[in-house]
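Residue strings, one per chain:
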Amino acid sequence: MEFIYEYGLFLAQSVTLVAAVLILVAGVVSLGQKQKAAQHEGHIEIRNLNDRYRQIGDSLREVVESPEAVKADRKQHKKDVKAKSKAAKKQLKQGSPPAERRPKLFVMSFDGDLRASAVDNLREEISAVLPQATDQDEVLVKVESPGGLVHGYGLAASQLKRITDAGVPLTVAVDKVAASGGYMMACVANRIIAAPFAVLGSIGVLAQLPNFHRLLKKHHIDFELYTAGEYKRTLTMFGENTDKGREKFVQELEETHALFKDFVAQNRPELDVAKAATGEVWYGQNALSEGLVDDLQTSDAYIQERIEDRDVFEIRYVMKKNWQEKLGMAAEGALEKAALKLWQRGQGPGNY
């Protein structure tokens, strides 16, 4: 009887010890997951471009103008800022209505890849701006993308649609390329501007895949694919494709293309979609003639035009990166620079 009692006590102690260890391990794992999640959380960064351009101008004036002129200019600027601040405080103290609100320009950038993965940052940036923006303000989105997956760029275009639906004017600037899904995003804007040699258009749908069936058959390798539903899988990479599957696949491409054309037509009704939606691309000047863009201008020129009469803010949602990601990005950058140098060495004068 005593042996049973001691054994039961030992068993209870063992269970308690194991449970304590499991709880400790679970706590450590949970803490690690929370820290990992916190590392990948981002934050909004805001930069006043008025101040940035003013600082650039001041740096240049220090070189090209006399020290006396630079000093007088800075003194006058400080005096103007102080006077405005004093006037605003006086109005507030007297209960007078505030001075007329200076309109704002919010600048964002979208650098697109195949999956349109930058849409997550774009979502956060738009969500931050919309509660502050009015119909007197404006949003400028610099889009650079050769296109990619339909659902990714469809979501990116829908994010931009939030801006116009809120009644805030939206301008898209294309400095290099906005083709296919990139143009799907651009066409949502009230106005599209492009650099003279920017690439636009490619209103079409592309799909391609290799087929290894004959290679597998040659080496006597069987591949079996089972589906429920007649068109669950139309084409396959390893099985033998049929004419019926090919026809269905092409039909689905045509349906996607029709949705793309309808979307562009709804957002740019003045564009001859039947003529533009051939999958062709146009450089800026020709894109202007075809009606794909509204003006030829770089994003930098557009911003500088508005510095004088608007408060211009650059909005960026920045994700925190751990040391492994930073190391990978550094290695990727080094490889890109090396590849660019090799390419430049192989280019002769006069080549594009």
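Worth saying up front: this structure is predicted, and the values here are computed from it rather than measured.

*Asks:* Looking at this model, I keep getting lost on the environment of Gly 148. Mind explaining?
*Replies:* Of note, Gly 148 is situated in the loop between β3 (138-144) and α5 (150-165). Residue classification places Gly 148 among the partly exposed residues on the basis of a relative accessible area of 30%. Gly 148 sits 35 residues away from Asp 113 along the chain, and the two C-alpha atoms are 6.7 Å apart. Those residues within four positions of Gly 148 in sequence are excluded, and the remaining contacts are Leu 114 and Tyr 153.

*Asks:* Got a minute to help me understand the nonpolar core in this structure?
*Replies:* Note that soluble globular proteins tend to have their nonpolar side chains buried in a common cluster. Counting residues in hydrophobic clusters, the biggest one holds 49 residues, and the most contacted among them are Phe 110, Val 139, Val 141, Leu 160 and Tyr 183. Counting residues per element, this core draws most heavily on α5, which supplies five residues. Contact partners of Val 141, with chain neighbours within four places excluded, come to Met 108, Phe 110, Leu 160, Leu 170, Thr 171, Val 172 and Ala 173. Counting 11 residues, the second largest nonpolar core, distinct from the first, contains Ile 193, Tyr 302, Ile 303 and Ile 307.

*Asks:* Sorry if this is basic, but what is going on with the pairing of β3 here?
*Replies:* Within a regular strand, side chains alternate between the sheet's two faces. Along β3, five of the seven residues are buried, which leaves the element largely enclosed by surrounding structure. The pairing of strand β2 (residues 104-111) with β3 spans seven bridges and is classified as parallel. Its bridge partner being in β3, Leu 105 is matched across the sheet by Glu 138. Each parallel crossover has a hand, and the one from β2 via helix α4 (residues 119-129) to β3 is right-handed. As for the winding sense of the linkage, the β-α-β connection from β3 through α5 to strand β4 (residues 170-174) is right-handed.

*Asks:* Looking at this model, I keep getting lost on the side chain of Asn 50. Mind explaining?
*Replies:* Relative to the helices and strands, Asn 50 resides in helix α2 (residues 49-64). The class of Asn 50 is buried, set by a relative accessible area of 6%. A distance of 3.1 Å separates a polar atom in the side chain of Asn 50 from the backbone oxygen of Ile 307. From its side chain, Asn 50 meets the backbone nitrogen of Val 312 in a polar contact 2.6 Å long. Beyond its immediate chain neighbours, meaning those up to four positions away, Asn 50 contacts Arg 102, Ile 307, Arg 310, Asp 311 and Val 312.

Criteria and thresholds
Residues numbered from 1 in each chain as written. Predicted model: local features only at pLDDT ≥ 70, side-chain atom pairs only at ≥ 80, totals over all residues. Heavy atoms only, no water. Helix = DSSP H or I, 4+ residues; strand = E, 2+ residues; numbered from the N terminus. Buried < 20%, exposed > 50% of the residue type's maximum accessible area, 1.4 Å probe, protein only. Contact = heavy atoms within 4.5 Å. Core = buried A, V, L, I, M, F, W, Y, C linked by side-chain atoms within 4.5 Å. Pairing = 2+ DSSP bridges. Right-handed = clockwise from strand over helix to strand, strands pointing away. Polar contact = N/O pair within 3.5 Å; in protein donor to acceptor, adjacent residues only side chain to side chain.

Nothing here speaks to function; it is geometry throughout.
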